[in-house]
Amino acid sequence: MREGAAPPDAAFALIAKQRGAQRIMALSPAALALGLSAGMMLADARAQEPDLAALEHRPEADHALLLRLVEACERYTPMVAPHGDDALVLDLTGCFDSLAMDETGVLDDLARRLSRLGFRPLLACAATPDAALALARFGKRSARELPVAALGLGEDAHLALKRAGLRTIGQLADRPRAPLAARFGKVMSVALAHLLEEQDRRITPHRALPPIWVEQRFAEPMATVKPLLGVIEWLAGQARDLLVARGRGGRRYEVSLFRTDGHVARLAVDSGLPLREPADVVRLFRERIESLADPLDPGFGYDLLRLSIPLHEDVSEGQERLDEDSSGRPDLAPLLDRLQVRFGAESLHRFAPRDEHLPEYVDRLVPAASWPESWPQPEAGEPPLRPLFLFDPPQTVTVLAEVPDGPPRRFGWQGRQHRVVRHEGPERLAYPWWKTVEATGPTRDYYRIEDEDGRRFWLFRHGLYGSEKADPRWYLHGIFA
Amino acid sequence: MFDSSRFKRAASLVQASPKGWPDAPLQQDGVHEFYAAKGSAQGLGQEQDSAAPLALALLCAVQACRAGEPLLWLRLAKGKQAQQRPYAPGLVELGIDPAAMVLMRLPDLQSLLRAGVDCVRHGSAGAVILEMDGRAPAFDLTASRRLTLAAEQSGTMVLIVRSGADPAPSAAHTRWQVASAPSLPLPANAPGGPVFDVTLLRQRGGREGLNLQVEWNRERGTFQDPTFGRAPLSGGRPALPAVRTGDAGRRSAA
């Protein structure tokens, strides 16, 4: 099934090093025709076929390729799952109407697209994923013709069945089930029921199923990016009807662009408030498309565009437009959404308080979309006791101070000496011993100081002189206004 | 709960203007630049005090924002600005509510200017602060003109804080030079509230070169003469009027 850079009719092998020997993992169809088999040593195979080309076997690249095929197959149904190393399962239940094809139509279309990509797919359609997989793998037309190996119960069970003269699933199906289950366990009857399409099994799709999605198929592939936004707006209009019917609004919109050659591009936008209006959605996607580092490449054209809303939440009714509020200023949320789409969510923040002991942990930055939290009031009548800027990490400074615990008289920072004119302190902050196992650490003595130019700094001595450290260091932790 | 409305009301108190001092120096729909003053002569490098101009810009911005109006603060995510991070408890201590603020950290100056124009043009914020370090060649006359037009159109106050740069021509409405000034000592010679040394370098169609020292009064939400209500140190100088003067609700348009 897999074909690389070599021409399809060349004989080559994919090899991997196992226990010091080059072992063949897979063979091209031409090499198989020469009588070679996977699992042989490369040396043995070369003894038989001296010209056999050998390429490195890269299972992770195979898996990535398989996942790309999963994406490409999502054009038929969102329920697509990889199976093992070399198979895909598509759940087409309820998809034939929207595809305007029947079973054979889908199989033909899939075969055409995959062979265009250079694959030789084995395709089969059945009522259960196990039956379809077995039919495709063993190339049979009905489940009864399948060999017992299709059960996938392991070599021992298959050998035992063969010794009992049972070679096909059909022969097995004609037998009473109870003795089989007694001999081979319950797995046997379950596997048999799956193969005979008596009992269905759900597949877990590779991508979580979006709760709301709408799509548009194009009769002719769309080879330019320009009309995309128009289509997105039209789809967003359809999505709005679905959202309104459920009383919801979308927090995350995702567009999947299926290219005719199987490539799928995905664009997603997030919104701080639930959105419904197509105009708002399109504005975000316009930002997104403009801010792409490498622009969209339509190649031979897109033939399917799907808009899905993976994340949505309740909208209180009557909140149809959010543009105006009572103050006459427009709402901030659309602006934040746009900036977020263009510059990334990690660039926008709000401050949130945290109940911590050490000053550098008292505040933290949270995403701008989070709800603003209230802050404690400063103590009336006091000057600012905390700096406007904090150094992260604190800056090392050289300090002239009286021992053991006198205030700083003079300090050097960035090659400049500052004479301390006014000071207040120390404000002693103990090491948070309740948080760590060691339970000890240096105490910090903080001083608010002002130099002769009127600049105000926040210095601390790291460790108590003598008892905790022989020569405690000083740090500049912040600057006041 | 942080109650900022108390400060807002106090900020609109009518204050006596010093002679020759503009009535409402910072117009709401204008662009205002705050330059850090050069370090004192004994300084070895070009070390500058960027906290003072930024604090003054923040305090003016807070006065310009009505209750509930957000304040946007745009800075760079690299270089000097990445080492010095804004500290929310320090904002609280100045009487600024961090909950009303959105902080944006951008990768480079071009993005900062682009995002700044977007924020100003949108008009949803009460004020937008752009913090720049160094010479900032991308912030040229065109860029500042773009910001000015956007500010006039949307009525958003734009405050540009620059350190490590010499004052350069721009389309700003006012240009200030700001440095920290010695505070009035509290008992036991403790440093007092923030005092700024403010010089008006340029004002469109107004007087220039005015200099005075102002102290921020957090409880009243206004700037005041550092000697106000205390023993005068160097002659009685009235206060710098608050951003919004006159009747409470009206925006001052200069």
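Rules of the game
- Counting of residues starts from 1 at the beginning of each chain's written sequence and follows it residue by residue.
- Lettering for chains starts from A, numbering for ligands starts from 1, and both go in the order in which the items are written.
- Given that this is a predicted model, residues contribute local features only at a pLDDT of at least 70 and side-chain atom pairs are listed and counted only at 80 or more, while totals for whole chains, interfaces and linings are drawn from all residues.
- Values shown for side chains rest on all heavy atoms present in the structure; no hydrogens or waters enter the calculation.
- Runs of E in the DSSP output that reach at least two residues are strands. Runs of H or I that reach at least four are helices, and both are numbered from the N terminus.
- What counts as a ring pair is set by centres within 6.5 Å for rings of Phe, Tyr and Trp (its six-membered ring), and what kind of pair is set by the plane angle: stacked under 30 degrees, edge-to-face over 60, tilted for all other angles.
- When a residue's accessible area, from a 1.4 Å probe over protein chains only, is under 20% of the maximum for its type it is buried; when over 50% it is exposed; and in between it is partly exposed.
- By definition here, a salt bridge exists when the distance from a side-chain nitrogen of Lys or Arg to a carboxyl oxygen of Asp or Glu is within 4 Å.
- In short, DSSP must find at least two bridges between two strands for them to pair.
- Helix axes are fitted only over the stretch in contact, all axes being lines through C-alpha atoms; the angle between N-to-C directions runs from 0 to 180 degrees.
- Whether two residues touch is decided by their heavy atoms; if any such pair falls within 4.5 Å, the residues are in contact.
- Pairs of N or O atoms within 3.5 Å make up the polar contacts considered here, provided that, within protein, one atom can donate a hydrogen while the other can accept it, and that residues adjacent in sequence are counted only when both atoms are side-chain atoms.
- Each residue carries a pLDDT value, the predictor's own confidence for that position, ranging from 0 to 100.
- Residues belong to a common nonpolar core when they are buried Ala, Val, Leu, Ile, Met, Phe, Trp, Tyr or Cys residues joined through side-chain atoms within 4.5 Å.

### A word on the environment of Thr104 of chain A
Tracing the sequence through the fold places Thr104 of chain A in helix α5 (residues 103-116). Put simply, Thr104 of chain A and Cys125 of chain A are 21 residues apart on the chain and 8.4 Å apart in space, counted from C-alpha to C-alpha.

### Notes on the packing of aromatic side chains
Tallied over the full model, the rule gives eleven aromatic pairs over all chains. Summarising the aromatic geometry, the rings of Tyr446 of chain A and Phe460 of chain A are spaced 4.9 Å apart at their centres and angled 45° between planes, so their arrangement reads as tilted. With a gap of 14 residues between them, Tyr446 of chain A in strand β15 (residues 444-451) and Phe460 of chain A in strand β16 (residues 456-462) connect regions that are remote in the sequence. Here Tyr446 of chain A matches Phe460 of chain A in class, with each residue buried. Taken together, a centroid distance of 6.4 Å and an interplanar angle of 10° make the contact between Phe34 of chain B and Trp176 of chain B stacked.

### Some thoughts on the pattern of salt bridges
Two side chains bearing opposite charge may form a pair once their charged atoms approach each other closely. Residues and elements named next belong to chain A. Applying the stated criterion to the full structure yields 41 salt bridges over all chains. Ionic pairing is found between Asp297 and Arg259, a salt bridge with its closest N-O pair at 3.8 Å. You can see Asp297 sitting in the loop between α12 (278-290) and β9 (302-314) and its partner Arg259 sitting in strand β7 (residues 248-259), a full 38 residues away along the chain. Owing to a relative accessible area of 12%, Arg259 belongs among the buried residues under this scheme.

### With respect to the sheet that holds strand β10 (residues 348-353) of chain A
Two modes of strand pairing occur in sheets, parallel and antiparallel, and in both the strands are linked by backbone hydrogen bonds. Read across the open sheet, the eleven strands follow the order β11(A)-β10(A)-β4(B)-β2(B)-β5(B)-β6(B)-β1(B)-β7(B)-β8(B)-β9(B)-β10(B); overall the sheet is mixed. One side of each edge strand has no neighbouring strand; the edge strands of this open sheet are β11 (363-367) of chain A together with β10 (222-224) of chain B. On average, each strand axis in the sheet is inclined to that of its neighbour by 30°, with strand direction left out of account. Across six bridges, strand β8 (residues 195-203) of chain B lies against strand β9 (residues 210-217) of chain B in antiparallel orientation. Residue pairing across strands places Val198 of chain B opposite Leu212 of chain B, the latter belonging to β9 of chain B. Of the strands in this sheet, β1 (31-36), β2 (71-76), β4 (101-106), β5 (127-133), β6 (157-163), β7 (174-180), β8, β9 and β10 of chain B are in contact with helix α2 (residues 51-64) of chain B, which crosses β6 of chain B at around 175°.

### Looking at the side chain of Arg85 of chain B
In this fold, Arg85 of chain B is placed in strand β3 (residues 84-86). At 3.1 Å, the side chain of Arg85 of chain B forms a polar contact with the side chain of Asp363 of chain A. For Arg85 of chain B, the contacting residues outside a window of four places in its chain are Glu360, Asp363, Leu388, Phe389 and Leu390 of chain A together with Arg75 of chain B.

### Let's talk about the confidence of the model for chain B
Regions with low pLDDT carry predicted coordinates that are not meant to be interpreted in detail. Residue and element names in this part refer to chain B. Taken as a whole, chain B shows an average pLDDT of 77; of its residues, 75% reach a score of 70 or greater. The low-confidence segment residues 1-17 (pLDDT under 50) makes 47 contacts with residues lying over four places distant or belonging to another chain. Throughout residues 231-239 the model reports pLDDT below 50, and contacts reaching past four residues in sequence, or to other chains, amount to 18 contacts.

### A closer look at the sheet that holds strand β3 (residues 53-56) of chain A
Residues and elements named next belong to chain A. One open sheet holds the three strands; their spatial order is β2-β1-β3, and the pairing between them is mixed. In this open sheet, the two strands that pair with only one neighbour each are β2 (21-27) and β3. Strand after strand, the sheet turns through a mean of 45° between neighbouring axes, direction not considered. Here four bridges tie strand β1 (residues 12-18) to β3, and the two strands are oriented parallel to one another. In the sheet register, Ala13 faces β3, and the bridge partner there is Ala54.

### Some thoughts on the nonpolar core
Ranked by internal contacts, the top residues of the largest apolar core, which has 57 residues, are Phe34, Leu58, Leu71, Trp73, Ile129, Leu159 and Phe196 of chain B. In terms of residue count, the dominant contributor to this core is α2 of chain B (twelve residues). Residues Leu348 of chain A together with Leu72, Leu147 and Ala150 of chain B belong to the second largest nonpolar core, which totals 34 residues.

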